[in-house]
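Single-letter residue listing:
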Amino acid sequence: MNNITTIKDIKLNGWFTLKDIEEPKENQVWVRNHYDRATKTYSITNWATQRERFIKANKQVFVDFTF
């Protein structure tokens, strides 16, 4: 079963998904990067495509999945 946490509680370079999926595809896995103080958001990168996004610190994400 997947655990829900917030993005701020994930360690740097920690893996997570944005949707509740038992076995996500590689393009559904994200990696947490740095915190941007100016916008008060975290940088996240898609594991497969290397696409970067910024999301708020209180965004709920899913961890503890099989990849």
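Residues numbered from 1 in each chain as written. Predicted model: local features only at pLDDT ≥ 70, side-chain atom pairs only at ≥ 80, totals over all residues. Heavy atoms only, no water.

**Q** Can you lay out the overall build of the chain for me, pointing to particular residues and giving the numbers?
**A** When helices and strands are tallied, the chain shows zero helices and six strands. When the helices and strands of the chain are listed from N to C terminus, the series reads β-β-β-β-β-β. Its C-alpha atoms give the chain a radius of gyration of 11 Å, near enough to 11 Å, the size a compact globule of 67 residues would have. Dimensions of the chain along its principal axes, counting C-alpha atoms only, are 35 × 25 × 15 Å. When the 67 residues of the chain are sorted by exposure, 37% land in the buried category. In the chain, once contacts between residues fewer than 6 apart in sequence are set aside, the share between residues at least 24 apart is 43%. (Helix = DSSP H or I, 4+ residues; strand = E, 2+ residues; numbered from the N terminus. Rg over C-alpha atoms; globule rule 2.2 N^0.38 Å. Buried < 20%, exposed > 50% of the residue type's maximum accessible area, 1.4 Å probe, protein only. Contact = heavy atoms within 4.5 Å.)

**Q** So, the environment of tryptophan 30: which residues are in play, and what are the values?
**A** Relative to the assigned elements, tryptophan 30 resides in strand β3 (residues 29–36). Along the primary structure tryptophan 30 and threonine 5 are separated by 25 residues, whereas in three dimensions their C-alpha atoms are 14 Å apart. In this structure, tryptophan 30 is in contact with Gly14, Trp15, Phe16, Leu18, Ile44, Thr45, Asn46, Trp47, Arg51 and Arg53, ignoring residues within four places of it in sequence.

**Q** Outline the packing of aromatic side chains, supporting the account with residue identities and numerical values.
**A** In the structure shown here, the tally under the stated rule is two aromatic pairs. On the numbers, 6.0 Å between centres and 50° between planes, the contact of tryptophan 15 with tryptophan 47 is tilted. Of the two residues, tryptophan 15 is situated in strand β2 (residues 15–17) and tryptophan 47 in the loop between β4 (41–46) and β5 (52–56); the sequence distance between them amounts to 32 residues. Given a relative accessible area of 40%, tryptophan 15 falls into the partly exposed group. Tryptophan 47 sits in the partly exposed class, given a relative accessible area of 34%. Sitting above the plane of the tryptophan 30 ring, arginine 53 keeps its charged end 5.5 Å from the centroid. (Phe/Tyr/Trp six-rings, centres within 6.5 Å; stacked < 30°, edge-to-face > 60°. Lys NZ or Arg CZ within 6 Å of the ring centre and 35° of its normal.)

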